[in-house]
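Single-letter residue listing:
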Amino acid sequence: MNSKTDGTTPTVRTRLELLQQVKAWKQAGDTVGFVPTMGALHSGHLSLVEKAREKATRIVASIFVNPTQFAPGEDFDTYPRDESADLAKLASVGCDLAYLPTVDEMYPEGTLTNVRVESMSDVLDGIYRPHFFYGVTTVVARLFLHVQPDVAVFGEKDYQQLQIIRRMVRDLAFPIDILGAPTARDADGLAQSSRNLYLTPDERRNAGALQAALHRAAMRLSVGVRPSIALQEATQLLSRSGFGNVDYVSLVDKDTLQDLPDEPLRDGMVARLLGAAWMGRTRLIDNISVTR
Ligand code: AMP
């Protein structure tokens, strides 16, 4: 293990080194919390580490920009990478170890074996990024087998991903508790995202409208407005606020992610409202809980 004394988190880059450390911790009676990331860390990621620390005595974060979840023409090559800043940030929230595998370490013999959570991966973002969730579940399954955590924390910012991973863990009986963490936001409501770095200053000023549009639609739904009307109003608000293509604004079952009938929500019902829209060349996603 590469232990550093300069205020950064110790790193390991191979599965073997990781296993040795995790084994030693478990033998000493520690529990292991895990936070998978693609780096370019912001306070949303750090809140996940803090949540993991409430549930486990040792925390591993991984930083791996996973090629199998990017389609040709997406931003794999340009995805922001800043390892030393990330390690300092992880140290500031008490992360015990950063796992920084190479592509070869994660996919030593390529990708013949894949994990696919059917149906949930093919709706919402899955329509616009058909490869995406299959890449995510494949790499998260491999990371789970490498790290062998007791608990893993994922952000509600990527709500569809969180629900798909919950389902994968149930279906494959991974002995891991999956925790969701609330979305960390900037002051104007914009969900923090590594990709926000792509926004120009003008785009950044307008981007808060995504959360505002979802929030407004959630309010309308909560007083019994029909989904088709509330969703159309949200789409129009996004277009008026400087968003280009609106990929979707959808109201779905909070667990299965399947569409709900176009009827006012019943009293006490909890659903999830999700949206994805383009601000210039940057695709932003967000979501919010809706209750009647
Ligand atoms: P990423 O590095 O974008 O793949 O994200 C790694 C983890 O951080 C995922 O579980 C995300 O859902 C979570 N995450 C990303 N942005 C936020 C945010 N603004 N608030 C909370 N969690 C987040």
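Rules behind the numbers
Residues numbered from 1 in each chain as written. Predicted model: local features only at pLDDT ≥ 70, side-chain atom pairs only at ≥ 80, totals over all residues. Heavy atoms only, no water. Helix = DSSP H or I, 4+ residues; strand = E, 2+ residues; numbered from the N terminus. Rg over C-alpha atoms; globule rule 2.2 N^0.38 Å. Buried < 20%, exposed > 50% of the residue type's maximum accessible area, 1.4 Å probe, protein only. Contact = heavy atoms within 4.5 Å. Areas by Shrake-Rupley, 256 points an atom, 1.4 Å probe, with all protein chains shown as cover. Lys, Arg positive; Asp, Glu negative; His and termini not counted. Charge placed at Lys NZ, Arg CZ, Asp CG, Glu CD. Near = heavy atom within 4 Å. Polar contact = N/O pair within 3.5 Å; in protein donor to acceptor, adjacent residues only side chain to side chain. Core = buried A, V, L, I, M, F, W, Y, C linked by side-chain atoms within 4.5 Å. Domains from an automatic or database assignment. Pairing = 2+ DSSP bridges. Axes fitted to C-alpha atoms, helices over the stretch in contact; angles between N-to-C directions.

### Brief notes about the overall build of the protein chain
Part 1 of the argument: Within the protein chain one finds 10 helices and 9 strands.
Part 2 of the argument: At 19 Å, the protein chain has a C-alpha radius of gyration in line with the 19 Å of a compact globule built from 292 residues.
Part 3 of the argument: If one aligns the C-alpha atoms of the protein chain with their principal axes, the spans along those axes are about 55 × 40 × 35 Å.
Part 4 of the argument: Residues classed as buried in the protein chain amount to 52% of the 292 residues present.
Part 5 of the argument: Relative to all contacts within the protein chain whose residues are 6 or more apart in sequence, the contacts with residues 24 or more apart total 73%.
Part 6 of the argument: With an accessible surface of roughly 13,500 Å², the protein chain has 50% of that area assigned to carbon and sulfur atoms.
Part 7 of the argument: Between the averaged position of the 32 positive side-chain charges in the protein chain and that of its 36 negative side-chain charges there is a distance of 3 Å.

### Here we look at the site of the ligand
Part 1 of the argument: With respect to spatial proximity, 17 residues lie near the ligand, and among them Met 38, Gly 155, Asp 158, Ala 184 and Gln 192 are the closest.
Part 2 of the argument: Here His 45 contributes a side-chain N or O atom positioned 2.9 Å from an oxygen atom of the ligand.
Part 3 of the argument: Between the ligand and the protein, one listed contact pairs a nitrogen atom with a backbone N or O atom of Ala 184 at 2.8 Å.
Part 4 of the argument: Calculation on the ligand without its partners gives an accessible area of 490 Å², and the protein chains cover 92% of this total.
Part 5 of the argument: Those elements that place two or more of their residues in the shell around the ligand are strand 2 (32-37), helix 2 (43-55) and strand 5 (151-155).
Part 6 of the argument: Residue contributions to the shell around the ligand peak at 3 residues, all from helix 2.

### What to know about the nonpolar core
Part 1 of the argument: Counting 42 residues, the largest nonpolar core has Val 60, Phe 144, Met 168 and Ile 178 as its most contacted members.
Part 2 of the argument: Mapped onto this core, the elements with two or more residues apiece are helix 1 (15-27), strand 2, strand 4 (97-99), helix 6 (132-147), strand 5, helix 7 (159-171), strand 7 (246-253) and strand 8 (270-279).
Part 3 of the argument: A total of 9 residues in this core trace back to one element, the largest contributor, which is helix 6.
Part 4 of the argument: Counting only domains with at least three residues in this core, you end up with domain 1 (11-181) and domain 2 (194-291).
Part 5 of the argument: In this view, Met 168 contacts Val 115, Val 117, Thr 137, Val 140, Ala 141, Phe 144, Ala 173 and Phe 174; residues no more than four positions away in its chain are not counted.

### Details of the sheet that holds strand 8
Part 1 of the argument: Ordered in space as 7-8-9, the 3 strands form an open sheet in which the pairing is antiparallel. With one partner strand each, in any of the chains shown, strand 7 and strand 9 (282-291) form the two edges of the open sheet. If you compare each strand with its neighbour and ignore which way they point, the axes differ by 15° on average.
Part 2 of the argument: Note that strand 7 and strand 8 share 7 bridges and pair antiparallel.

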